[in-house]
Amino acid sequence: FAGFCDALATVTGSHDSARDAVQEAFARALRQRRRLRSDESLAPWVWMIAMRVALDSRPRRRTDELTGNETALPYPERDPQLAAAIRSLPPQRRLIVFLRYFVDFSYAEIAEACHVTEGTVAATLSQAHDALRAALTPEHIEGAHR
């Protein structure tokens, strides 16, 4: 629950609204549980419901397509340089990075949630790592490895 709230706070703008969105998403998932196909994984399915609820909670937002525009680094003030580097990524890369490192989805779960192949997830993460490495100073990268 806390992971969903932290992740969705970057979409809704506050932890309070994110908590409301997560509660609504879990309630919707429970009501719609029969819609979960046997070949679908629960976590990506609930995540997509939660993301749509979070997007719906924002005024005048299109929610018909999930991009990465709405995702950002939770608590950007903790690492402004990394937050800026992540914001500079193209939307699809940013979304996949977000799902991998902030929602802790596996490659398979990301592929399912984003309707892409696991190979696309791997390639996108590799491209994102390269872009982040180029955007961050060597000192910043070295500090992250400690």
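Residues numbered from 1 in each chain as written. Predicted model: local features only at pLDDT ≥ 70, side-chain atom pairs only at ≥ 80, totals over all residues. Heavy atoms only, no water.

(A) Focus on helix H4 (residues 80-87). Residues of H4 that are buried: Ala83, Ala85 and Ile86. All buried residues of H4 project into a common sector of 165° when viewed along the axis, lining one side. Those residues of H4 that are buried are in contact with helix H5 (91-101) and helix H7 (118-135). (Buried < 20%, exposed > 50% of the residue type's maximum accessible area, 1.4 Å probe, protein only. Helix = DSSP H or I, 4+ residues; strand = E, 2+ residues; numbered from the N terminus. Arc of directions from axis to C-beta. Contact = heavy atoms within 4.5 Å.)

(B) How the structure looks around the confidence of the model for the chain. When pLDDT is averaged along the chain, the result is 80, and 81% of the positions lie at 70 or above. Here helix H8 (residues 138-144) is the element of the chain with the lowest mean pLDDT, 64, and H7 is the one with the highest, 95. Across residues 60-65, confidence stays below pLDDT 50; counting only partners more than four residues off in sequence or on other chains, it has 5 contacts. (pLDDT = per-residue confidence, 0-100.)

(C) Fine view of the packing of helix H3 (residues 42-56) against helix H6 (residues 107-114). Where H3 meets H6, the axes come as close as 9 Å, and the angle between the chain directions of the two elements is 45°. When the interaxial angle is binned, H3 and H6 end up oblique. Handedness of the crossing formed by H3 with H6: right-handed. Contact residues: Ala43, Pro44, Trp47 and Met48 in H3; Glu109, Glu112 and Ala113 in H6. Grouping the amino acids of the contact of H3 with H6 by side-chain chemistry returns 5 nonpolar, no polar and 2 charged. (Axes fitted to C-alpha atoms, helices over the stretch in contact; angles between N-to-C directions. Parallel < 35°, antiparallel > 145°, perpendicular 65-115°, else oblique. Left-handed = near helix turned anticlockwise from the far one by under 90°. Nonpolar A, V, L, I, M, F, W, Y, C, P; charged D, E, K, R; others polar.)

(D) Representation of the side chain of Thr124 within the structure. Tracing the sequence through the fold places Thr124 in helix H7. Overall, Thr124 belongs to the buried group, its relative accessible area being 8%. Not counting chain neighbours up to four residues away, the residues in contact with Thr124 comprise Gln92, Arg93 and Ile96.

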